[in-house]
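Summary of structural features
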Amino acid sequence: MSLTEVNVTINGKSYSEWVEPRMLLSDFIRETCGLTGTHVGCEHGVCGACTINMDGLAVRSCLIFAVQADNCEITTVEGLACSGELTALQKNFIECHGLQCGFCTAGILMSITDFLEKNPQPSVKEIKETLSGHLCRCTGYEGIVKAVEKTVQDNNKEVLQRS
Amino acid sequence: MDKVIGKAVTRVEDMRLLTGQGKYIDDIGTPSQTFQAAILRSSSPHAKIVSIDTAEAEKMAGVKAVITGEQVKEYLEPFSVGVSAPVQYYPIAIDKVRYVGEPVAVVIAKSRYIAEDAMELIKVKYETLPPVVDIEGSLEKDAPVLHENVGSNIANHRTFNYGEVDQAFEEADAIIKHKYLFPKYTATPVETYGIIAHYESSEKQYTVHANFHGPFVIQAIMAQALKIPSNKLRIIVPKDIGGSYGIKAGTFPYMVLLSVASRIAGCPVKWIEDRQEHLSASSSGTDRVTYIEAAVKKDGKVTGLRMKMIDNVGAYIRAPEPACLYRTHANSTGAYDIPNLHIDAYAIMTNKLPTGLIRGYGGQELYFPLERIMQKIAFELNLDPADVIRRNLIQKDQFPYKTASGGLYDSGDYIKGFELALETGKYEEFRKKQEEARKDGKIFGVGLACIVEPSGSNMGYITVALTPEERAKSLPKSGCSEAATVSMDPMGSVNVRISTTPSGQGHETVAAQIVSEVLSIPSDKIKVVAELDTSTSAWSIASGSYSSRFASLGSSAVFYAANKVKEKLMKIASHQLNVDESELELRNGAFYVKSDPAKKYALKRAAGSAHWNPLSLPEGMEPGIYETYYYSIKAAEPPDENDLINSSVTYGFVADLVTVEIDPETGEINILDYITIHDAGKLLNPLIVDGQIFGGLAHGLGGALFEELVYDNKGQLLTGSFMDYLCPTAPEIPNVTIKHIETPSPMTPLGAKGLGEGNTMSAPVAVANAVSDALSPYNVAIDTLPLSPNRIWTLLNEAKENNHKEVTI
Ligand code: FES
Ligand code: FES
């Protein structure tokens, strides 16, 4: 099969690779670029484990071909923490026991990070609705919802302090 | 140094998992020249394989090999299994396929993409045979037989009589009976199976990396199937497993298949299962029909139970089946004091996916009929279901309690736990609310369930599948061994090696807590290594992660190994300080002389001298600090000649109260509140404990409301993707209140019992009881799951049409 060139930026680093047009973006990220923090749980768009951020939008990398990401900016879970400092959301996942096996976690972090950027004051119902695009078989979601709620509270405090 | 055991400390695993640095099977890299495998699977539930034409596929560029059952067979014996029926189970179909999804050929190619392309070029000719999917249908005289050499579809059959069952039934005021069906459902960890297998001809050795978590008795079964000495099968389990809930014990047939594929293809081979493969062909829970009969006194006291249980183990019986029938054998009478018990146990085979471990294993299948019948007793005798439970619960002063079938319940206060559930759930108040609501045409219900949560399986229990005479022919099996190693290096740093192959339960954290407290070293100075390597780790047949065995067994092994290290270091300190050991106490990383606290000897120094200056050690002491402890519990004895067996080593208790409202228009169930009271003995880390309970409960609710592997009557799987197999997501989880009581186990050094499976066992029936309670005015009884709106709506409408006649399966 003929190869196509793909140029993408992932977590601030540019990648220029030749791939088969049918290669999934999830495989490209994991296998071609070696970023194994993004996980694959179903390859049919239900489990949410493969969620990444592409040009400012949380998307499922198993439903996208690598060639579609040409000239895009991508962030994966590896790109969340900045020089070793975890984001508030990541810290609250530790605090609230929002993960067990951790396999679903990367996708959830990517979705919620995007969600909170766009909805800084969500209700619990909205949080749960956003999470409904993700399967977690370990936690029963309790710790995850708490971690998100706590992040919202932390952000509010920060905003109050700043004003 | 503060006490850390029992504290809700955060987890050491989290940092790597939150930053994308976990090391799951698909992340660990492969040897050079590793090829990728794809597996062609049967589309037919029951057929003879007439021919397999692989020529086209083999010709495709990038394809290394196409392997069929005929080729694989040469290197294998059928897997051994603990029943006497001569079922021949190979990891790939040989001359017949017996379920949709059964492996038929393996393609080895440069990439998975090419392997899947090539797969499409393989031509398989089948001669279809009539399938059988229904449990009782499989026992009919003219039923198609899956395994001709077995002669019927029965893989195992045993009967048990404990106490004076007939007498209990003769003397009963009432006999209450019913038939229940627990459906086939599964666990679906978000990470699927993954295997990297490598055969090295120079060593004649298979090395297999896999997200397999034991029980490691299966290592012996695999080696035997591969016809090699067991030290030629090296299994390496990565430190991160993306969830399992039991199902990944079922990787073993694939480990063997890929091992042989590597040998035939002459290269290392990697296979990552996809989701459709997982749903159709990994493993699943066991569906069971139970005929249950209770001998009851007027006041609701149950004096005897008869259960005929028919387990459907799918197309092949394979290890650890028929364990689903026997894992709960000791606790067959649940939380109740019922001295007379008769069990008629069958494991049968049908054209469905073979079964295996799954969270709760055997518990949900047992408690569904048991707790349903307790409610039915109340309804039929016009008693309050809470009173029937009260009347039957084992009393506090009866512990340690010996069950009819040989169980030894170590500790508990069931009444206290149950009353706490009623009080927390405001049972009486809800009853009044329910009455009021009924007047307004609303449908409210409350369900109760009390269950015993067994943990730490006795390896002897599975031999109950054999008669005492059959058992006598081979060596007895017992125990529940687990091993751990604690070592200190020359600089005094601590490494802990565990063999409990965690899949998210935070074993690294808890092990560090335990060692920290025993050695009085901060836990962040302790490194826990969770990878298991059968060639270098300390392990035993019971090792692994299943039957909630970490809190009872794994943690105990860690505790004793750390104590061995402490004792050795203490001897060194006492020798150096020239004081008796009884004069020393360990705190803050040093041994202090009690009578003269100015005098001390640092732990680190003691460890250092064991490496740097072994000649300074007490006479006869070995250099180095490296201690392994193998832990087992005496109560895990083999079954006796009367089939009495203590199938687990600790027994926790769970009392659930759940309230529901049902929409009469749509049949949808809305869970208003879920109260669950747990007694898991001493809790080692409450943060992790509640996380485990929530996860188990979500799975139980899935089983109650959504999850089922549905086959049509021709044997085709209808739920082959996550579009059709529905797992609960965040909005589906109701309000949950968890409370704990702690009656420490006298069996384990820390007083801990296993947990995390309890609500998977209890929630299906607790919800079914709530729904039955809600629908009791319509005379609708729930006798199967899941309770989809569709099912409820149909039951309701049939009931209305049938003019309140009882509707059953
Ligand atoms: S792997 Fe992409 S949604 Fe499941
Ligand atoms: S933490 Fe295991 S699936 Fe979510």
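Residues numbered from 1 in each chain as written. Chains lettered and ligands numbered in written order. Predicted model: local features only at pLDDT ≥ 70, side-chain atom pairs only at ≥ 80, totals over all residues. Heavy atoms only, no water.

1. Observations regarding the overall build of chain B
Operational definition: Secondary structure elements are defined from DSSP: runs of H or I of at least 4 residues count as helices, runs of E of at least 2 residues count as strands, and each element is numbered from the N terminus. Within these notes, the globule rule equals 2.2 Å times the number of residues to the 0.38 power, and the radius of gyration is based on C-alpha atoms. The cut-offs for exposure are 20% and 50% of the maximum accessible area for each residue type, with area from a 1.4 Å probe on protein chains only; residues under the lower value are buried, those over the upper are exposed, and the others partly exposed. In what follows, a contact means two residues having at least one pair of non-hydrogen atoms within 4.5 Å. Computed by Shrake-Rupley with a 1.4 Å probe, the accessible areas treat only the displayed protein chains as cover when residues are assessed. None of His or the chain ends enter the tally, which takes Lys and Arg as positive and Asp and Glu as negative. To locate a charge, take NZ of a lysine, CZ of an arginine, CG of an aspartate or CD of a glutamate.
Looking only at helices and strands, one finds 20 helices and 29 strands in chain B. Compactness check: chain B gives a C-alpha radius of gyration of 27 Å against a globular reference of 28 Å for 809 residues, within 12% of the reference. Each of the three principal axes of chain B carries a C-alpha extent, and together these read 90 × 75 × 55 Å. For chain B, the residues scored as buried account for 65% of the 809 residues in total. At a minimum sequence separation of 6, the contacts of chain B that also span at least 24 residues come to 81%. Accessible surface computed for chain B: about 28,100 Å², of which carbon and sulfur atoms make up 49%. Placing the 79 positive and 99 negative side-chain charges of chain B at their respective mean positions leaves the two points 4 Å apart.

2. Some details on the domain arrangement of chain A
Residue and element names in this part refer to chain A. Short version of the rule: Bear in mind that the domain bounds are from an automatic or database domain assignment. We define buried area as the total accessible area lost by two parts upon association, computed with a 1.4 Å probe and summed across both. Whenever Lys or Arg places a side-chain nitrogen within 4 Å of a carboxyl oxygen from Asp or Glu, that contact is recorded as a salt bridge.
Looking at the assigned domains, one finds that chain A contains domain 1 (4-79) and domain 2 (88-157). Put simply, the middle of domain 1 and the middle of domain 2, counted by C-alpha atoms, are 22 Å apart. Opposite the 17 residues of domain 1 that make contact, domain 2 presents 12 residues. Each partner contributes to the roughly 1,100 Å² buried at the junction of domain 1 and domain 2, and carbon and sulfur atoms together form 58% of this total. When the buried area of domain 1 at its contact with domain 2 is split by residue, H39, T51 and V77 rank highest and sum to 37% of it. The interface formed by domain 1 and domain 2 holds 0 salt bridges in total.

3. Quick look at the environment of T68(B)
Residue and element names in this part refer to chain B. For T68, the location among the structural elements is in strand β3 (residues 63-68). Put simply, T68 and M621 are 553 residues apart on the chain and 57 Å apart in space, counted from C-alpha to C-alpha. Discounting chain neighbours no more than four positions away, the residues touching T68 are I52, T54, I92, V104 and A105.

4. Side note on the domain arrangement of chain B
Residues and elements named next belong to chain B. What the domain assignment reports for chain B is domain 1 (14-129 + 187-281), domain 2 (287-460 + 638-801) and domain 3 (482-631). On a C-alpha basis, the centres of domain 2 and domain 3 stand 40 Å from each other. Contact with domain 2, which involves 22 residues of that partner, is made by 21 residues of domain 3. Counting each side, the surface lost to burial between domain 2 and domain 3 is near 1,500 Å², with a carbon and sulfur contribution of 66%. The largest per-residue losses of area from domain 2 upon contact with domain 3 belong to M459, L684 and P749, which jointly make up 32% of the total buried on that side. Our count for the contact surface shared by domain 2 and domain 3 stands at 0 salt bridges.

5. Considerations on unusual backbone geometry
Residue and element names in this part refer to chain B. Residue P320 follows A319 across a cis peptide bond; omega there is 0°. Within the fold, P320 resides in the loop between β14 (302-312) and α9 (323-326). At the junction of L785 and P786, the peptide bond is cis and its omega measures out at -10° in the coordinates. Even without glycine at this site, N588 takes up a positive phi of about 45°. With respect to the secondary-structure elements, N588 resides in the loop between β23 (584-587) and β24 (590-593). Residue class for N588 comes out partly exposed when judged on its relative accessible area of 48%. A positive phi is found at D643, a non-glycine position, where the angle reads about 65°. Relative to the helices and strands, D643 resides in the loop between β26 (625-631) and β27 (648-662). Residue class for D643 comes out buried when judged on its relative accessible area of 7%.

6. Considerations on the layout of surface pockets
Which parts of space are left empty comes out when a probe the size of a water molecule is rolled across the atoms. Convention followed: With a 1 Å grid spanning the protein atoms alone, the term cavity applies to any set of points in which a 1.4 Å probe fits but cannot get out, the term pocket to an open set with protein on both sides within 12 Å along at least five of seven lines, and the term lining residue to any residue with an atom within 4 Å of a point. Grid points are joined across faces, edges and corners, and a volume is the space filled by probe spheres set on the points. Residues are grouped as follows: Ala, Val, Leu, Ile, Met, Phe, Trp, Tyr, Cys and Pro are nonpolar; Asp, Glu, Lys and Arg are charged; every other residue, Gly included, is polar.
Roughly 1,100 Å³ of internal volume is contained in the second largest pocket. Considering the residues around the second largest pocket, the lining is formed by 42 residues, among which D27(A), E31(A), E43(A), R112(B) and Y113(B) are closest to the centre. Listing elements by their share of the lining of the second largest pocket, those giving two or more residues are α1 (25-32) of chain A together with β1 (35-41), α4 (112-119) and β12 (269-272) of chain B. The element that contributes the greatest number of residues to the lining of the second largest pocket is α4(B), accounting for 5 residues. Along the lines of polarity and charge, the residues of the lining of the second largest pocket split into 14 nonpolar, 11 polar and 17 charged.

7. A look at the interface of chain A and chain B
Listed per partner, the contact involves 45 residues of chain A and 49 residues of chain B. Carbon and sulfur atoms supply 60% of the area that chain A and chain B bury against each other, a total of about 3,800 Å² over both sides. Counting across the chain A and chain B interface gives 4 salt bridges. Close ionic contact of D26(B) with R30(A) constitutes a salt bridge, the shortest N to O distance being 3.2 Å.

8. Observations concerning the nonpolar core
All names here are of chain B. Counted only if it meets this: What is meant by a nonpolar core is a set of buried Ala, Val, Leu, Ile, Met, Phe, Trp, Tyr and Cys residues, joined one to another through side-chain atoms within 4.5 Å.
Ranked by internal contacts, the top residues of the largest apolar core, which has 229 residues, are I108 and L787. Sorting elements by how many residues they give to this core places helix α19 (residues 758-775) first, with 10 residues. Excluding its chain neighbours within four sequence positions, the residues that come into contact with I108 are F35, Q36, A37, G62, V63, K64, A65, I67, A261, A265, C267 and V269. F550, V579, A610 and L617 belong to the second-largest nonpolar core, a separate cluster that totals 55 residues.

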